[in-house]
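A closer look at the structure
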Amino acid sequence: MPDRIPGPETSPEGELPGARGELSQGVLDALRGPTGGPAPQPREARDADPFGDDLQLALYLCYELHYRGFRGIDAAWEWDPGLLGLRAALERRFLEALRERTAGHLDVHDALDELLVEPVDGTGVSYFLKDEGQLWQLREYAAQRSLYHLKEADPHAWVIPRLRGRAKAAFVAVEFDEFGGGRAERVHARLFADLMADLGLDTTYGRYVDAASAEMLAVVNLMSLLGLHRAHRGALVGHFATVEVTSSPGSRRLAEAMRRTGAGPAAEHFYAEHVTADAVHEQIVRRDVIGGLLADEPSLAPDIAFGIAATTWLEDRLGDRLLAAWRSGSTSLRAQL
Ligand SMILES: [Fe+2]
Ligand SMILES: [Fe+2]
């Protein structure tokens, strides 16, 4: 297959989005100035809604500095002590709220088994899109998800130096596929950009942050949080497992939705690729990543279970938001496409 690079432009850096409240405004103001300048104080995060637009966007801005950063913004902000102090306070608030919501979660094996049970009534987003999704809803879904898929597998890569032996080898085998197996045109982030192009969406990195709901920001922020902290390596692996285990059947329904609506070959291909790849990934993740990590560090079992529970809780919340909007005929986005 000839190399099709360059494909749809995803741009090396993002653009700064608009503020959603005082915290995010404070971070944006700080970033536009020199490093070491005033950033919001950690105590300002204390009373913020942990799942609200303002805190989630402030956290998202802090995390993006570790990925591709923002055009015209000094890359040194990534390690600015003042901003890191704020980030820690935002993370604490978010994590505490997640622990509260997922209290009493299951043992890691029960949690994994539970993931494999497909809902009988089939009421999730992928069911909706398969059965009755319209093109405008598929475009909204892709715009929201682009916050993750244009950096697909990146947050997970941070855990690699924190794993050993069997867990590490298996984890990297899965990531190798996510990153295209040595082929730029097969990198999953690139396949997603191709999907976006089919749907007539702008593939510029970060283009839809302003449109994305707080629920989507929270989904991505969880991955970044878990990826960046060695202390949360167990939860990051739990997160990874959740994505891989649930992906294959969901992707089958989404591929069907793309086919039924005539979204285009690349749009269908992105999900069709995940049906096959993730059926294999699921096995590797269960047996060797989770199994390997538990053999290596048995004390991480509750963290793995927390990662699974937190991911599921946030994904369900995003699904509820999307379906509530669509069932009432309105947009799930904060701004029209
Ligand atoms: Fe993937
Ligand atoms: Fe995968």
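So, how was this worked out
- Residues numbered from 1 in each chain as written.
- Chains lettered and ligands numbered in written order.
- Predicted model: local features only at pLDDT ≥ 70, side-chain atom pairs only at ≥ 80, totals over all residues.
- Heavy atoms only, no water.
- Domains from an automatic or database assignment.
- Contact = heavy atoms within 4.5 Å.
- Buried area = accessible area lost by both parts, 1.4 Å probe.
- Salt bridge = Lys/Arg side-chain N within 4 Å of Asp/Glu carboxyl O.
- Polar contact = N/O pair within 3.5 Å; in protein donor to acceptor, adjacent residues only side chain to side chain.
- Nonpolar A, V, L, I, M, F, W, Y, C, P; charged D, E, K, R; others polar.
- Buried < 20%, exposed > 50% of the residue type's maximum accessible area, 1.4 Å probe, protein only.
- 1 Å grid on protein atoms, 1.4 Å probe; cavity = no way out; pocket = protein on both sides within 12 Å on 5 of 7 lines; lining within 4 Å.
- Points joined across faces, edges and corners; volume = space filled by probe spheres on them.
- Helix = DSSP H or I, 4+ residues; strand = E, 2+ residues; numbered from the N terminus.

1. Details of the domain arrangement of the protein chain
You can read the domains of the protein chain as domain 1 (8–101) and domain 2 (108–327). Each of domain 1 and domain 2 has a C-alpha centre, and these two points are 23 Å apart. The interface of domain 1 with domain 2 comprises 29 residues on the first partner and 33 residues on the second. Carbon and sulfur atoms supply 64% of the area buried between domain 1 and domain 2, which totals about 2800 Å² over both sides. Linking domain 1 with domain 2 are one salt bridge. Here Glu 64 makes a salt bridge to Lys 151, at a shortest N to O gap of 2.6 Å. For the pair domain 1 and domain 2, the number of links is twelve residue pairs in polar contact (both at pLDDT 80 or more). When grouped by side-chain class, the residues that make up the side of domain 1 that touches domain 2 number eleven nonpolar, seven polar and eleven charged.

2. Section: the pattern of salt bridges
Summed over all chains, the structure comprises 18 salt bridges. The partner of Arg 101 in a salt bridge is Glu 100, and the shortest N-O contact between them spans 3.6 Å. Look at Arg 101 and you get partly exposed, because its relative accessible area is 41%. The closest approach of N and O atoms between Glu 315 and Arg 145, which form a salt bridge, is 2.7 Å.

3. Some remarks on empty space enclosed by the protein
Evaluation of the coordinates by the stated rule reveals two cavities of 30 Å³ or more. Taken as a whole, the largest cavity encloses approximately 100 Å³ of empty space. Lining the largest cavity are 13 residues, and of these Tyr 60, Glu 64, Tyr 205, Gly 206 and Val 209 lie nearest its centre. The set of elements that each furnish at least two residues to the lining of the largest cavity consists of helix 2 (53–64) and helix 6 (135–149). Taken together, the residues of the lining of the largest cavity sort by class into seven nonpolar, three polar and three charged. In this structure, the second largest cavity occupies an estimated 30 Å³ of space. As for the second largest cavity, its lining consists of Cys 62, Leu 65, His 66, Trp 77, Glu 78, Leu 83, Leu 84 and Arg 87. The leading source of residues in the lining of the second largest cavity is helix 3 (residues 81–101), at three residues. When grouped by side-chain class, the residues that make up the lining of the second largest cavity number five nonpolar, one polar and two charged.

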